[in-house]
Amino acid sequence: MVRIGRQLHAATFKLRQARVVARAMKSRYHPILAQIVPMRRCNLTCSYCSEFDDTSKPVPLETMLRRIDRLADLGTTVITISGGEPLLHPQLERIIREIRRRGSIATLISNGYLLTPARIQSLNDAGLDQLQISIDNVQPDSVSKKSLKVLDKKLEWLADYAAFEVNINSVMGTSARPEDALVVARRGRELRFETTIGIVHDNQGQLRPLSELECRIYQELSKIASRSFASFAYYNQFQKNLILAKPNHWSCRAGSRYLYICEYGLVHYCSQQRGHPGIPLEQYSTKNLEHEYRTEKSCAPLCTISCVHQVSMLDQFREKPRESLQSFFPRGSGHVPPAVVRALAWLFLPPEESTPRKLITQALTRAALWSMKLQG
Ligand code: SF4
Ligand code: SF4
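So, here's what we can say about the structure. (Residues numbered from 1 in each chain as written. Chains lettered and ligands numbered in written order. Predicted model: local features only at pLDDT ≥ 70, side-chain atom pairs only at ≥ 80, totals over all residues.)

1. Quick notes on the sheet that holds strand E3 (residues 105-110)
In sheet architecture, strand pairing relies on hydrogen bonds along the backbone and comes in two forms, parallel and antiparallel.
Then comes step 1: Reading across from one edge, E6-E5-E4-E3-E2-E1-E7-E8-E9 is the order of the 9 strands in this open sheet, with mixed pairing throughout. Two strands lie at the open edges of the sheet, namely strand E6 (194-199) and strand E9 (277-280), each paired on one side alone. Averaged over all adjacent pairs, the angle separating strand axes in this sheet is 25 degrees, with direction ignored.
Then comes step 2: Pairing between strand E8 (residues 266-268) and E9: 3 bridges, direction antiparallel. If you follow Leu266 over to E9, its bridge partner there is Pro280.
Then comes step 3: Running at roughly 150 degrees to strand E7 (residues 258-261), helix H10 (residues 306-319) makes contact with strand E1 (33-36), E6 and E7 of the sheet. (Pairing = 2+ DSSP bridges. Helix = DSSP H or I, 4+ residues; strand = E, 2+ residues; numbered from the N terminus. Axes fitted to C-alpha atoms, helices over the stretch in contact; angles between N-to-C directions. Contact = placed C-beta atoms within 7 Å.)

Structure below.
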């Protein structure tokens, strides 16, 4: 039953993700992704982290529901619940239900410590779409207790009971034993989870250069991690420079396409740039979205905040599709876009003078619009 539920969810989740991308392509006047914090308190104390305390109370449910309503009214397509540790919030499932009820994708970032089979089932019932757990090392140490040894049983429970997608993020740069990241990623793949690679940042969201050994391990990791279109594009566009401590030239769309809503309900660019713009969510308007879309962020070149990179890549593609595909999959990188993307690019990004392609594209576009009309 769990396997059927997971397959069913995977199919509908892919469709809803495709819808997020389609909406992002159609218009830039809504946030693609917002991160909300229902609980700044954490049950761990990772020494590199600046996003937690050990005293704060959960944000009241009514307040969280109002924030979700506001985000939905702004047209937000994906809402990620983070913390602190969000599983400490006593009404987390109600928050997830509300995100789904308002039509957004609901994802969660957790350290996984509080997962049990019953809690996983209640996250299934609430409609969670995706859970991300970052694992820093194999054995707990003084820097981090987010360790495979402690979490492995939780991962097995997730493999057995979760209907939602699970992503294991191996973080480079947190452990004195960088080779641990390989062990973590291999275990994630063994349990058939999605796996990604994160690069540790300082408390301004900026790059902390990786050592030579870490760079080598990163290359190994990239062979194990999920090999999707998005992960290759992301690697070529951002990570290949970051692991060499080189700047990226990109437009950060934080404050517009990505919002970070802190526990006090203020909108910030991201968790590392609090106070900018620092406006209450209930006052945040499409004017603010428009203004921040264009605001240049001086922290952009060495930024390692991958979710903001990925959101901004969609706008880069929307504005300059052909050039973007070339920079996502440069010649000689050994990565080529999947056949379906090549076919779509051939059809929908034809050279001006190609009349036959233009005609096929127009016919397909008309057929798609006609079928959308039929579906209401
Ligand atoms: S578990 Fe996450 S929120 Fe908690 S201290 Fe560690 S990194 Fe920070
Ligand atoms: S570039 Fe954007 S996402 Fe990165 S630290 Fe600056 S404001 Fe945050």
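The discussion continues.
2. Quick look at the site of ligand 1
Then comes step 1: Taken together, the neighbourhood of ligand 1 is formed by Cys42, Leu44, Thr45, Cys46, Cys49, Glu51, Phe52, Gly83, Gly84, Glu85, Asn111 and Lys146.
Then comes step 2: When its residues are assigned to classes, the shell around ligand 1 shows 5 nonpolar, 4 polar and 3 charged. (Near = placed C-beta within 6 Å. Nonpolar A, V, L, I, M, F, W, Y, C, P; charged D, E, K, R; others polar.)

3. Observations regarding helix H5 (residues 148-161)
Then comes step 1: Over its 14 residues, H5 runs 19 Å from end to end, which matches the ideal 20 Å to within 8%, given 1.5 Å per residue.
Then comes step 2: Inspection of H5 places Leu148, Leu151, Lys154, Leu155 and Leu158 among the buried residues, and these make up the whole buried set.
Then comes step 3: Close packing links the buried residues of H5 with helix H4 (117-126), strand E4 (130-135), strand E5 (165-172) and helix H6 (180-190). (Expected span 1.5 Å × (residues − 1). Buried ≥ 20, exposed ≤ 12 C-beta atoms within 10 Å, placed from the backbone.)

4. So, the nonpolar core
Taken as a class, soluble globular proteins show a tendency for nonpolar side chains to be buried jointly.
Then comes step 1: Counting residues in hydrophobic clusters, the biggest one holds 78 residues, and the most contacted among them are Ile79, Tyr258, Ile261 and Val308.
Then comes step 2: When residues in this core are grouped by element, the largest group, 5 residues, is from H10.
Then comes step 3: Beyond its immediate stretch of four places on either side in the chain, Ile79 contacts Ala34, Ile36, Ile68, Leu71, Ile99, Ser104 and Ala106. (Core = buried A, V, L, I, M, F, W, Y, C linked by C-beta atoms within 7 Å.)

5. Considerations on the packing of helix H3 (residues 92-101) against H4
The relative placement of two packed helices is expressed as an angle between their axes plus a distance between the axes.
Then comes step 1: Direction vectors running N to C along H3 and H4 enclose 25 degrees, while the axes themselves pass 8 Å from each other. In terms of axis orientation, H3 runs roughly parallel to H4. In the packing of H3 onto H4, the handedness of the crossing is right-handed. Across from Glu93, Ile96 and Arg97 in H3, the residues of H4 making contact are Ser122, Leu123 and Ala126.
Then comes step 2: Of the residues in the contact of H3 with H4, the class split is 3 nonpolar, 1 polar and 2 charged. (Parallel < 35°, antiparallel > 145°, perpendicular 65-115°, else oblique. Left-handed = near helix turned anticlockwise from the far one by under 90°.)

6. With respect to the packing of H6 against helix H7 (residues 212-224)
Then comes step 1: Look at H6 against H7: their axes get within 10 Å of each other, and the N-to-C directions meet at 0 degrees. As far as their axial angle goes, H7 and H6 are roughly parallel. In this structure, H6 contributes Ala181, Leu182, Ala185, Arg186 and Arg189 to the contact, and H7 contributes Ile217, Glu220, Leu221 and Ile224.
Then comes step 2: Residues that form the contact of H6 with H7 fall into these classes: 6 nonpolar, no polar and 3 charged.

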